[in-house]
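This is what each chain is made of:
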Amino acid sequence: ELSEKIELIRNHVQSFPDFPKPGVLFKDIFSVLREPKVFSVLCDILCKHVKSLPSKIEYVTALDSRGFLFGPIIALDQQVPFVPIRKKGKLPGDICSASYKLEYGEDTLEIQANSIPKGANVLVVDDLLATGGSLSAACSLIESIGAKTVECLIVMELTSLKGREKLKAPVHSLLKY
Ligand code: PRP
Ligand code: MG
């Protein structure tokens, strides 16, 4: 059953208090990837969810770097292109950029300008939704190239930070904390 599988995954996410700084309880997705059977259950749930969406996903994007653990797997399963959204300065050629706020200062995400055609239905994948800053920058990149975010698909959501409220696109998360 789906809820049992989700609990299995939840039980394999290790928590680290005070990382990367005091007061933060870090949820480590890599502890799931260390268990091949649990990792495969997780990928299976993500892929089945995408198959169940009412609109056909034409492009899968994911956020540098932990989104890359899942995005390409979903894209392969769907047999659609995978397009990375990277932190600044990593992608060659013509790029579009969007900045987002960090606790101190800001960061920038980039996508290759001609990687997705106008009007395409796009899925955005990441491991974690916290403040929603990264994901809302990713969605504005997709909007700026004229494509459409059909859904943001997230493995873990820190609900108390209300990141979901920053996003116009629907958000689906497997594990809520
Ligand atoms: C983490 C996480 C999400 C983002 C969530 O990435 O993987 O991408 O933060 O935070 P937000 O909702 O407050 O924007 P991080 O930038 O730490 O880098 P990484 O994926 O390369 O580890
Ligand atoms: Mg990240």
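Residues numbered from 1 in each chain as written. Chains lettered and ligands numbered in written order. Predicted model: local features only at pLDDT ≥ 70, side-chain atom pairs only at ≥ 80, totals over all residues. Heavy atoms only, no water.

**Notes on the packing of helix α1 (residues 2–12) against helix α3 (residues 36–52)**
- Running from N to C, α1 and α3 point in directions that differ by 130 degrees, and their axes come no closer than 10 Å. Between α1 and α3, the interaxial angle falls into the category oblique. In this structure, α1 meets α3 at a crossing whose hand is left-handed. Contacts between α1 and α3 pair Leu2, Lys5, Ile6, Leu8, Ile9 and His12 from the former with Val38, Val41, Leu42 and Ile45 from the latter. (Axes fitted to C-alpha atoms, helices over the stretch in contact; angles between N-to-C directions. Helix = DSSP H or I, 4+ residues; strand = E, 2+ residues; numbered from the N terminus. Parallel < 35°, antiparallel > 145°, perpendicular 65-115°, else oblique. Left-handed = near helix turned anticlockwise from the far one by under 90°. Contact = heavy atoms within 4.5 Å.)

**A closer look at unusual backbone geometry**
- Between Phe19 and Pro20 the backbone carries a cis peptide bond, its omega angle lying at -5 degrees.
- Structurally, Pro20 is set in the loop between β1 (14–17) and β2 (25–28).
- A cis amide bond, omega 0 degrees, links Asp64 with the succeeding residue Ser65.
- Within the element layout of this structure, Ser65 appears in the loop between β3 (59–63) and α4 (71–78).
- In the Ramachandran plot, Gln79 falls in the positive-phi region, its phi being about 55 degrees despite a non-glycine side chain.
- Secondary-structure assignment places Gln79 in the loop between α4 and β4 (82–87).
- Under the relative-accessibility criterion, Gln79 is labelled exposed at 66%.
- Positive phi, normally seen in glycine, also occurs at Lys162, with a value near 55 degrees.
- With respect to the helices, strands and loops of the structure, Lys162 is situated in the loop between β8 (148–157) and β9 (171–176). (Buried < 20%, exposed > 50% of the residue type's maximum accessible area, 1.4 Å probe, protein only.)

**Re the site of ligand 1**
- Surrounding ligand 1, one finds Asp64, Ser65, Arg66, Lys87, Asp126, Asp127, Leu128, Ala130, Thr131, Gly132, Gly133 and Ser134.
- Side-chain polar atom of Ser65 to an oxygen atom of ligand 1: 2.6 Å apart, as the coordinates give it.
- A distance of 2.6 Å is found between an oxygen atom of ligand 1 and a side-chain nitrogen or oxygen belonging to Asp126.
- For ligand 1, the protein covers 76% of the area, taking 500 Å² as the surface of the free molecule.
- Sorting the residues of the shell around ligand 1 by element identifies β7 (121–129) and α5 (133–144) as the ones contributing at least two each.
- Element by element, the count of residues in the shell around ligand 1 is highest for β7, at 3 residues.
- Tallied by class, the residues present in the shell around ligand 1 amount to 2 nonpolar, 5 polar and 5 charged. (Near = heavy atom within 4 Å. Polar contact = N/O pair within 3.5 Å; in protein donor to acceptor, adjacent residues only side chain to side chain. Areas by Shrake-Rupley, 256 points an atom, 1.4 Å probe, with all protein chains shown as cover. Nonpolar A, V, L, I, M, F, W, Y, C, P; charged D, E, K, R; others polar.)

**What about the environment of Ile45?**
- With respect to the helices, strands and loops of the structure, Ile45 is situated in helix α3.
- On the basis of relative accessible area, Ile45 is assigned to the buried category, the value being 8%.
- For Ile45 and Leu2, which are 43 residues apart along the polypeptide, the C-alpha to C-alpha distance reads 7.9 Å.

**Thoughts on the pattern of salt bridges**
- The full count for this structure, using the stated rule, is 8 salt bridges.
- Here Asp127 and Arg66 are joined by a salt bridge, their closest N and O atoms 3.3 Å apart. On the criterion of sequence distance, the pair formed by Asp127 in strand β7 and Arg66 in the loop between β3 and α4 is long-range, its members being 61 residues apart.
- Between Glu157 and Arg164 there is a salt bridge; the shortest N-O distance is 2.9 Å. (Salt bridge = Lys/Arg side-chain N within 4 Å of Asp/Glu carboxyl O.)

**Here's the deal with the sheet that holds β9**
- The sheet built from 7 strands is open, its strands ordered β5-β6-β4-β3-β7-β8-β9 with mixed pairing. In this open sheet, the two edge strands, each paired with only one partner strand, are β5 (95–101) and β9. Strand-to-strand, the axes of this sheet are offset by a mean angle of 20 degrees, without reference to chain direction.
- Sheet topology note: the β8/β9 ladder contains 5 bridges and is parallel. Residue pairing for β9: Met156 is matched across the bridge by Leu175.
- Against the sheet, α3 contacts β7, β8 and β9, and its axis sits at roughly 155 degrees relative to β8.
- Relative to β5, α5 is tilted by about 150 degrees, and along the sheet it contacts β3, β4, β5, β6 (106–112), β7 and β8. (Pairing = 2+ DSSP bridges.)

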